[in-house]
Amino acid sequence: MSKTTTKTGETIETVEFPSFDASKATDQFRAFAEKGVEQSKEAYAKLKNGAEETQKVLESTFETAKTVSSDLSLKTIAVLRANAEAGFSHLEALVGAKTLSEVVELQTAFLRKRAEMAVEQAKDLQAITSKAVEDVAKPVKTAFEKAFKDVKAA
């Protein structure tokens, strides 16, 4: 800073003029810009890694869903086939019945067996469906847990 002293009468006034060093300001601006670029690169890298991980999780989830869907479809077809075979067998037995009491007995046994079979099939389908939901949700759940852990760490 430069000082100028002037004497007026008996009063001396001291006036200071601030000096501006442009090279320091340029250096500070450059450092600020470089830091901003570096932070932008880090943010982009994190975003890119997150997108790649998300893509992998989605691919894994869709593949698992495809496999599980196929298993569930096959089990459903097996259940339908078993029900159709049981129905045709019952129809053959009814055609061969000689008396009304034999028809009633066959029908009663058939309905009891069908009820037991329906409960068993429902349990099987429920178990397969529960496993399917767990298998499909597992990669997504793992990815979210990892993401939240990373956010808490940051």
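Anyway, here's the lowdown on the structure attached to this text. The residue numbering used here restarts from 1 in each chain and proceeds along that chain's sequence as written. In keeping with the model being predicted, local features are shown solely for residues with a pLDDT of at least 70 and side-chain atom pairs are shown and tallied solely at 80 or more, while totals for entire chains, interfaces and linings include all residues. Only heavy atoms go into the side-chain values, all of them from the structure, while hydrogens and water stay out.

1. So, the overall build of the protein chain
Every helix listed is a DSSP run of H or I at least four residues long, and every strand listed is a run of E at least two residues long, numbered separately from the N terminus. For the protein chain, the count of helices and strands is two helices and two strands. Sequence-ordered secondary structure for the protein chain, helices as α and strands as β, is β-β-α-α. Remark: exposure states derive from per-residue accessible area (1.4 Å probe, protein chains only) relative to the maximum for the residue type, with buried under 20%, exposed over 50%, and partly exposed in between. A burial count over the protein chain gives 7% of its 154 residues as buried. Any two residues whose heavy atoms approach within 4.5 Å at even a single point are treated as in contact. Sequence separation of 24 or more characterises 49% of the internal contacts of the protein chain that already satisfy a separation of 6 or more.

2. Considerations on the side chain of Thr61
If you trace the backbone, Thr61 turns up in helix α1 (residues 22–96). Residue Thr61 is classed as buried on the basis of its relative accessible area, which comes to 9%. At 2.8 Å, the side chain of Thr61 forms a polar contact with the backbone oxygen of Val57. Pairing of N or O atoms within 3.5 Å defines a polar contact, subject to two protein rules: one partner must be a possible hydrogen donor and the other a possible acceptor, and residues neighboring in sequence count only if both atoms are side-chain atoms.

3. As for the pattern of salt bridges
Salt bridges are identified by distance alone: a Lys or Arg side-chain nitrogen within 4 Å of an Asp or Glu carboxyl oxygen. Scanning the entire structure with this criterion turns up three salt bridges. For Asp27, the salt bridge identified is with Arg30, shortest N-O distance 3.5 Å. On the criterion of helical spacing, the pair formed by Asp27 and Arg30 is a turn pair, its members being three residues apart in helix α1. The exposure class assigned to Asp27 is partly exposed, which follows from its relative accessible area of 45%. Of the residues examined, Arg30 reaches a relative accessible area of 47% and is grouped as partly exposed. When the shortest N-O distance is used, the salt bridge between Lys131 and Asp135 registers 2.8 Å. Here Lys131 and its partner Asp135 are both found in helix α2 (residues 100–153), four residues apart, which amounts to about one turn of the helix.

4. Remarks on a nonpolar patch on the surface
Here, patches come from residues exposed beyond 30% relative accessible area and free of salt bridges, joined within 9 Å for like charges and within 5 Å for nonpolar side chains (Val, Leu, Ile, Met, Phe, Trp, Tyr). Methods summary: accessible areas were calculated by the Shrake-Rupley approach with a probe of 1.4 Å, and residue burial reflects only the protein chains presented. Side chains of Phe88, Leu91 and Val95 sit close together on the surface and give an oily, nonpolar patch of about 350 Å² of accessible area. As for its position among the elements, Leu91 is in helix α1.

Read these as spatial facts, not as claims about activity.
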